[in-house]
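# Secondary and tertiary structure notes
Chain by chain, the residues:
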Amino acid sequence: VASLMQVESSGINAEYGEMIDNHLLIRIIKVASIGLNKSHVGQLASDLLPHFKEINKKFGFNVCGEGGEFESLVTDCPLFAYKIQVDQSEKVCHSQDDMAPVWYEKFTAVSLVEKSGMKELSLRERLDFFTKQGS
């Protein structure tokens, strides 16, 4: 999630939580850290946040993946006119390390799903609609 690249580490948890609270669907597409494994690939970050916080306490894991602990893909957010739908994928082992195995998700079929009423709006109109919803 590129918007976190310049955020101080003390604010990262709040920023990440805010993205999840604002309905960004963040899919974990690669893991490379102690405490993560094949089972975490393809899951939503919102579902994994409690686990991320737990391994942060145990191992100093960066909850936003800023040290390369994981990679993510935003598949939907309120500004998107279409959501990215993963129709079919497979999990691939890149490195079977005992401490921090590296797994990634290889997409074999994806599609765009139109979101009702959003296609007709310009990006500015979607942004205005979104900010009004948050007020």
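Every chain is numbered independently, its residues counted from 1 as its sequence is written. Given that the model is predicted, a residue must reach a pLDDT of at least 70 before its local features are reported, and side-chain atom pairs must reach 80 or more before they are shown or counted; all residues, however, enter totals for whole chains, interfaces and linings. Derived side-chain values reflect all non-hydrogen atoms in the structure, with water molecules and hydrogen atoms excluded from consideration.

### So, the overall build of the protein chain
For the protein chain, the helix and strand inventory stands at three helices and four strands. When accessible area is computed with a 1.4 Å probe and restricted to protein chains, residues below 20% of their type maximum are described as buried, those above 50% as exposed, and intermediate ones as partly exposed. Buried positions account for 30% of the 135 residues belonging to the protein chain. Each accessible area value is a Shrake-Rupley result obtained with a 1.4 Å probe; residue values ignore everything except the protein chains displayed when judging cover. Approximately 8,200 Å² of the protein chain is accessible, and the part contributed by carbon and sulfur atoms is 51%. Note on conventions: DSSP H or I runs of at least 4 residues are helices, E runs of at least 2 residues are strands, and numbering of each starts at the N terminus.

### Let's talk about the environment of Lys58
Structurally, Lys58 is set in helix α2 (residues 45–59). Measuring from C-alpha to C-alpha, the distance between Lys58 and Ile34 comes to 9.9 Å, with 24 residues separating the pair along the chain.

### Comments concerning the sheet that holds strand β3 (residues 82–95)
In short, DSSP must find at least two bridges between two strands for them to pair. In space, the four strands of this open sheet follow the order β2-β1-β4-β3, with antiparallel pairing throughout. At either margin of the open sheet sits one strand with a lone partner, and together these are β2 (70–76) and β3. The mean inter-strand angle of the sheet, taken between neighbouring strand axes irrespective of direction, is 20 degrees. Bridge count for strand β1 (residues 25–32) against β2 is six bridges, and the pairing is antiparallel. Within β2, the position partnered with Lys30 by the bridge is Glu71. Angular values range over 0 to 180 degrees, each being the angle between N-to-C directions of two axes fitted as lines to C-alpha atoms, with helices fitted over their stretch in contact.

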